[in-house]
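Residue-level listing of the chains:
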Amino acid sequence: MNYGYVKVAAAVPRVKVADCKFNAREIEKEIIIAEGKGVQIIAFPELCVTGYTCGDLFAQQLLLEEAEMGLIQIVSNTRQLDIIAILGMPIAMNGVLLNAAVVIQKGKVLGVVPKTYLPNYKEFYEKRWFTSAVDVSERSVRLCGQVVPMGTDLLFETADTTFGIEICEDLWAPIPPSSSLALQGAEILFNLSADNEGIGKHNYLCSLISQQSARCIAGYVFCSCGFGESTTDVVFAGNGLIFENGSLIARSKRFSFEGQVIISEIDVEHLRTERRVNTTFSACRAHCAPGEAVRVSTEYVNSKELNLTRCFDPHPFVPQGVELNERCEEIFSIQVSGLAQRLVHTAAKSAVVGISGGLDSTLALLVCVKTFDKLGWSRKDIIGVTMPGFGTTDRTYTNALDLMNSLGITVREVSIKEACIQHFKDIDHDIDVHDVVYENAQARERTQILMDIANQTWGMVIGTGDLSELALGWATYNGDHMSMYGVNGSVPKTLVKYLVKWVAENDMDEASRMTLLDIVDTPISPELIPADENGNIKQITEDLVGPYELHDFFLYYFLRCGFRPSKLFFLAVRTFKDVYDEETIKKWLQTFFRRFFNQQFKRSCLPDGPKVGSISISPRGDWRMPSDASSEMWLREVESLA
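Residues numbered from 1 in each chain as written. Predicted model: local features only at pLDDT ≥ 70, side-chain atom pairs only at ≥ 80, totals over all residues. Heavy atoms only, no water.

In this fold, His-270 is placed in helix 5 (residues 268-277). Classification of His-270 by relative accessible area gives buried; the value is 11%. Leaving out residues up to four positions away in the same chain, His-270 has contacts with Glu-244, Arg-560, Cys-561 and Phe-563. (Helix = DSSP H or I, 4+ residues; strand = E, 2+ residues; numbered from the N terminus. Buried < 20%, exposed > 50% of the residue type's maximum accessible area, 1.4 Å probe, protein only. Contact = heavy atoms within 4.5 Å.)

Here helix 11 (residues 436-456) contains 21 residues, and its C-alpha end-to-end distance of 30 Å stays within 8% of the 30 Å for a straight helix at 1.5 Å per residue. The distance from a side-chain oxygen at the start of helix 11 to the backbone nitrogen of Val-437 is 3.2 Å, and the residue carrying that oxygen is Asp-435. A positive phi of about 55 degrees marks Trp-458, the residue just after helix 11. (Expected span 1.5 Å × (residues − 1). Polar contact = N/O pair within 3.5 Å; in protein donor to acceptor, adjacent residues only side chain to side chain.)

Attention shifts here to the sheet that holds strand 5 (residues 108-114). Note on sheets: strands pair through backbone hydrogen bonds, and any given pair is parallel or antiparallel. Strand order in the open sheet formed by six strands is 5-4-3-2-1-14, and the pairing between neighbours is mixed. Edge positions in the open sheet fall to strand 5 and strand 14 (260-267), since each of these has one partner strand only. Each neighbouring strand pair of the sheet contributes to a mean axis angle of 30 degrees, computed without reference to strand direction. Strand direction decides the pairing type here: strand 1 (residues 5-12) and strand 2 (residues 41-43), joined by three bridges, are parallel. Note on strand 2: the bridge partner recorded for Ala-10 is Ala-43. Across the sheet, helix 1 (residues 20-36) touches strand 1, strand 2, strand 3 (84-93) and strand 14, and the angle it forms with strand 14 is around 40 degrees. Relative to the sheet, helix 5 contacts strand 1 and strand 14, its axis offset from that of strand 14 by approximately 45 degrees. (Pairing = 2+ DSSP bridges. Axes fitted to C-alpha atoms, helices over the stretch in contact; angles between N-to-C directions.)

All told, the structure shown has 34 aromatic pairs when counted by the stated rule. Arranged with centres 5.3 Å apart and planes meeting at 90 degrees, the rings of Phe-372 and Trp-377 form a pair that is edge-to-face. For Phe-372, a relative accessible area of 0% corresponds to the buried category. Residue Trp-377 is classed as partly exposed on the basis of its relative accessible area, which comes to 29%. (Phe/Tyr/Trp six-rings, centres within 6.5 Å; stacked < 30°, edge-to-face > 60°.)

Here it is as structure tokens:
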């Protein structure tokens, strides 16, 4: 099973300018290497059969004949291979010369795509030798003894995907041909290029490709010529770049003196999901796409076992390196802005937050503090309420008090023990039975206290629940599930600790910093069950519901990409192979789907709160699902996993 992945390659062969036999051998060599690695489609640089820098030699009949002979050699010597290859070469026809891409497979030439935009400025003089595709009316060409379709609107269809081709400068045009190809159905775009180097140009190129692949919601394979091209005036670095919907997934080593084959997998299934969800793409397709493309069928390729070369981040919500600081600052600013608008709009006199000494309530409190500071309001109007219960430990209790005091907010302590004991008597519940009634009564008592204190102080209860808890329904309905504004509702659990740590390390006094860092290191727990004999937390959330890093991984690729259970399992096994065994992953995947479907009713009445990332499960925003939707198909597929 290929799970929707198409294995592609960008090849950068060594070349000798105007030596077509040498170039053909190098191209053959890299086609064979790619075939052996399961590549389905491989692209080579612009004019690779002759070399891009032939100059006025392009006017020589011998060079043009040798180029076709080189193509015949490649076609003949690869006729037993399933792989589709895209080569660049000059093609002479009816008194003009075209800079073209030639698509071959299993001894056949499938089609020819001429270059549309010929650069004729600065170091480029292509109009001296070549004619643009727009100036050619012919729709076919004779090549290697075959009459084949020709045009810039050719779409090549395989059993797994549809792809289109543009050449070098085409990408740099205000409206690249690849835009039209994508709107007409191309899921992968190939660019055969001869892009020379200059200071700062590479970063601009990567930005350009990234934007085009994102705008087209497509895979984009870019291959540019390298070592061996003439360096009379310019140098070529051999750029092989593979992007998917804006993200770089593979790249070549620049300025290498050896040939390279850069391989990765384009997730066509994901691209199709993105296009279906993005209504702007379909609207543009309806209003802006040109006439029908010419569709070219390719030979059937035998399925090969998928050997995935690309890696997946085990923590897709958490950016790495410098980006982490930037992302944390941005998320925190969104939360602060959202809360500020709600406080100002409602003319609230206070913000009431239940402080447990855990991560989520800590983040909510920090958002409140920064919001009040930014509004110029007194921190004393933030009312932090700690409500110790049967499971509260000394560590979390102390951290809650220390943090509130160091931040200078108003501190209130209300024990819930006596109220819960009375409640258990009222409903005739045995206090020694630590079941869901025992746990949820505490959560609801705490919420009642917060709501009533908010009424006392003309304030708002600020919700603390995060995205991961909401996805799993790990919240007491009408308990910690409810608030007047939830600032953490689209922040996943794996990111919460980084946000808290970022605030601690960047904008806190020493006392607050030390408390915050200890909170980051505290095990995640609702603390609704009494502590053990040593006073330590007994109820560890991840022991009960599963590791949040797994659930966040499932959540991201299920909601963001629309992946099915078997694909989630395949990726998780590969990504977490050194952390969890397959049985463990399967167990928690089953838990994820069971809880995600069964707990939708809690999300259907979710309090308002700001969206901060690409995923939200607010019923007013990104996620609308019936509360009684069946999970049977998803759970059945999980059960069938080996």
